[in-house]
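Take a look at the letters that make up each chain.
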Amino acid sequence: METRDLYNVRVLPAEGTTTPLTEEEERRFRSVLFNELGNEIADRGWAAFPAYTPQDRRRLVAVAHRLSAHWRRQVFAEAEDHCRMRLYLAGYEAQRAPLPTGSRPSAR
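Residues numbered from 1 in each chain as written. Predicted model: local features only at pLDDT ≥ 70, side-chain atom pairs only at ≥ 80, totals over all residues. Heavy atoms only, no water.

*Asks:* I tried to follow the sheet that holds strand S2 (residues 75–81) on my own but got confused; where do I start?
*Replies:* Strand pairing within a sheet occurs via backbone hydrogen bonds; the two strands may be parallel or antiparallel. One open sheet accounts for three strands, arranged S1-S3-S2; its pairing is antiparallel. Each having just a single partner strand, strand S1 (46–50) and S2 make up the two edges of the open sheet. In this sheet, neighbouring strand axes are inclined to one another by 25° on average, regardless of whether the strands run parallel or antiparallel. With five bridges joining them, S1 and strand S3 (residues 84–89) adopt antiparallel strand pairing. Opposite Pro-50, over in S3, you have Arg-84 as the bridge partner. Contacting S1, S2 and S3, helix H1 (residues 23–44) crosses the sheet at an angle of about 140° to S1. Along the sheet, helix H2 (residues 54–71) makes contact with S1, S2 and S3, crossing S3 at roughly 10°. (Pairing = 2+ DSSP bridges. Helix = DSSP H or I, 4+ residues; strand = E, 2+ residues; numbered from the N terminus. Axes fitted to C-alpha atoms, helices over the stretch in contact; angles between N-to-C directions. Contact = heavy atoms within 4.5 Å.)

*Asks:* Where do I start with the nonpolar core in this structure?
*Replies:* As a rule of thumb, soluble globular proteins bury nonpolar side chains together. Ranked by size, the top nonpolar core spans 14 residues in total, and within it Leu-37, Ile-41, Leu-60, Leu-67, Val-75 and Leu-87 carry the most contacts. When contributions to this core are tallied by element, the ones reaching two or more residues are H1, H2 and S3. Apart from the residues within four sequence positions on either side, Leu-60 is in contact with Leu-33, Leu-37, Phe-49, Pro-50, Ala-51, Met-85 and Leu-87. (Core = buried A, V, L, I, M, F, W, Y, C linked by side-chain atoms within 4.5 Å. Buried < 20%, exposed > 50% of the residue type's maximum accessible area, 1.4 Å probe, protein only.)

*Asks:* Could you clarify how one ought to interpret the pattern of salt bridges in this entry?
*Replies:* Any two side chains of opposite charge can pair, on the condition that their charged atoms come close. Counted by the stated rule, this structure contains seven salt bridges. Here Arg-44 makes a salt bridge to Glu-40, at a shortest N to O gap of 2.1 Å. In this pair, Arg-44 and Glu-40 both sit in helix H1, four residues apart, roughly one turn of the helix. The exposure class of Glu-40 is partly exposed, given its relative accessible area of 27%. (Salt bridge = Lys/Arg side-chain N within 4 Å of Asp/Glu carboxyl O.)

*Asks:* Would you mind going over H2 with me for this structure?
*Replies:* Residue pairs spaced three or four apart in an α-helix point in one direction, given the helix's 3.6 residues per turn. Between its first and last C-alpha atoms H2 spans 26 Å; for 18 residues at 1.5 Å apiece the expected length is 26 Å, and the two agree. Listed in full, the buried residues belonging to H2 are Arg-59, Leu-60, Val-63, Ala-64, Leu-67 and Ser-68. The inward-facing, buried residues of H2 abut H1, S1, S2 and S3. Arg-72 occupies a position one or two residues after H2 and carries a positive phi of about 60°. (Expected span 1.5 Å × (residues − 1).)

*Asks:* Explain unusual backbone geometry here, please?
*Replies:* Phi is mostly negative for residues that are not glycine, and the peptide bonds are mostly trans. The backbone of Arg-72 sits at a positive phi, close to 60°, despite the residue not being glycine. Take Arg-72: it is sitting in the loop between H2 and S2.

These results come straight from atomic positions and should not be treated as a statement about function.
Structure below.
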């Protein structure tokens, strides 16, 4: 093995772990969330998005704050369950997305 064979070698993270985003990746991801979730909230008053880690939840809360500042209307962020956050405008608290049941409705 020659020295040149080891250039651009990176250590991979252990399976099941995530690597933190770089500052640029984080900025771009928050920008995408701002646009996509903002459009969905503007259309129907609320949006739900997966949040599996504390970092995901913090990111979504930050997006809610940014949307609030942009619209000058409060955008709330709350956990729907242990793996999903819901962002919504006042007045849309009670409207929930139907959870998938995995079964078909029966014909009557």
